[in-house]
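Structural overview for review
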Amino acid sequence: MAVIKQTNYHDEQNRQNILKMRAVLETLPYFCKTFFRGIEEYTSARTRLAYAYDIRLFFEFLHEANAVCAGMEIKDFPLSLLDQLTRQDIEEYLEYMSLYHKDGRDITNEERGKARKLAALRSFYNYFYQSEMIETNPAALVSLPKLHEKEIIRLEPNEVAILLDQVEDGTKLTSKELVYHKKTKLRDVALLTLLLGTGIRVSECVGLDLADVNFDVCGIKIRRKGGYEAIVYFGEEVETALLDYLEERYRTVPAEGHENALFLSMQNRRITVRAVENLVKKYASRVTTLKKITPHKLRSTYGTTLYQESNDIYLVADVLGHKDVNTTRKHYAAQSDERRRRAAQYVKLREKP
């Protein structure tokens, strides 16, 4: 009988990203392989793949908009082309990224999207410039788009309670959704309670194995961005939800190769990031129509609440797995929403009779 080797979720994701990366490289000029080999030691496969997609977009723009490049296949672009391009070419590329048409649809990029694409291009140019393979570095001359701070979208405490109540009783679900709800209720309660009670990323959540949950210390072992492991601790509400779900989980026969997964799909396979995003959207839409709630917004809800309760930005950074506390401070400590709410009570326009 054939034995199916169980694959660690994160290792499998890494393998898939490497395979996707190889496919993208086949569409790019030959010298791109040199760049990606050069940054392999200090970047993840996921980061390299994102860079590859962005760099391919740059070459596709040149092929469409540049008279010299239009006469060549992208794969045939020479390294010397990088020296022929100017600051203006890169600025035109960023402007093009604001709105372009691909695969039958219009695609837009706001300031953050364009900043990421310029960062990829800067890294690309910088590698060849520092390696003395090109003589100019026009990407370094282009300023990053100014990023405007965005309001943190999160659930209020009463909305969190309503959301979890909705997951438990499903009163606002359609009759079709209720059929599935009967089968997934305990899983969904455990999953959303875990996200709201620990602030872990959705990728960290779907990657959890049964063995990663330790009720002796009330902690879960997760794989953070960057590949390192960490223990995140949970409270009584999360513990109860997980224990309730595990009674059902241990009675379930998983699909082959998915025996270790903590959270299973309706097909008894490891649940996917997309599936978690969809179930969060389904339940949250019954709670609030004014906020677009995603798994990341549940993470923001946890981070904001933790900061308001502890007033310890270093604790928040540590628990959320931020390598740079300034990332945390930028999001959670600039000026809390609660302080702005109190400010509304300070100014009186008319005396009450």
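Presented here is a report on the structure given in the accompanying data block. The shown structure was predicted, so the numbers you read here are calculated from the model rather than taken from an experiment.

Strand-to-strand pairing in sheets goes through backbone hydrogen bonds, with the strands running parallel or antiparallel. Taken in spatial order, the three strands line up as S3-S4-S5 in an open sheet, and their pairing is antiparallel. Edge positions in the open sheet fall to strand S3 (213-214) and strand S5 (229-233), since each of these has one partner strand only. Pairing between S3 and strand S4 (residues 219-223): two bridges, direction antiparallel. Paired with Val 213 across the bridge in S4 is Ile 220.

Summed over the entire model, instances satisfying the criterion amount to 19 aromatic pairs. Pairing Phe 31 with Phe 124 gives two aromatic rings, centres 6.3 Å apart and planes at 35°, and the pair type is tilted. Remark: Phe 124 occurs in helix H7 (residues 111-130) and Phe 31 occurs in the loop between helix H1 (9-25) and helix H2 (32-38); sequence separation between them is 93 residues. Neither residue differs from the other here; Phe 31 and Phe 124 are each classed as buried. On the basis of an interplanar angle of 85° and a centroid distance of 5.1 Å, the ring pair of Phe 35 and Phe 124 is categorised as edge-to-face. Of this pair, Phe 35 sits in helix H2 while Phe 124 sits in helix H7; the two residues are 89 residues apart in sequence, bridging distant segments of the chain.

The rules behind the values
- Residues numbered from 1 in each chain as written.
- Predicted model: local features only at pLDDT ≥ 70, side-chain atom pairs only at ≥ 80, totals over all residues.
- Heavy atoms only, no water.
- Pairing = 2+ DSSP bridges.
- Helix = DSSP H or I, 4+ residues; strand = E, 2+ residues; numbered from the N terminus.
- Phe/Tyr/Trp six-rings, centres within 6.5 Å; stacked < 30°, edge-to-face > 60°.
- Buried < 20%, exposed > 50% of the residue type's maximum accessible area, 1.4 Å probe, protein only.

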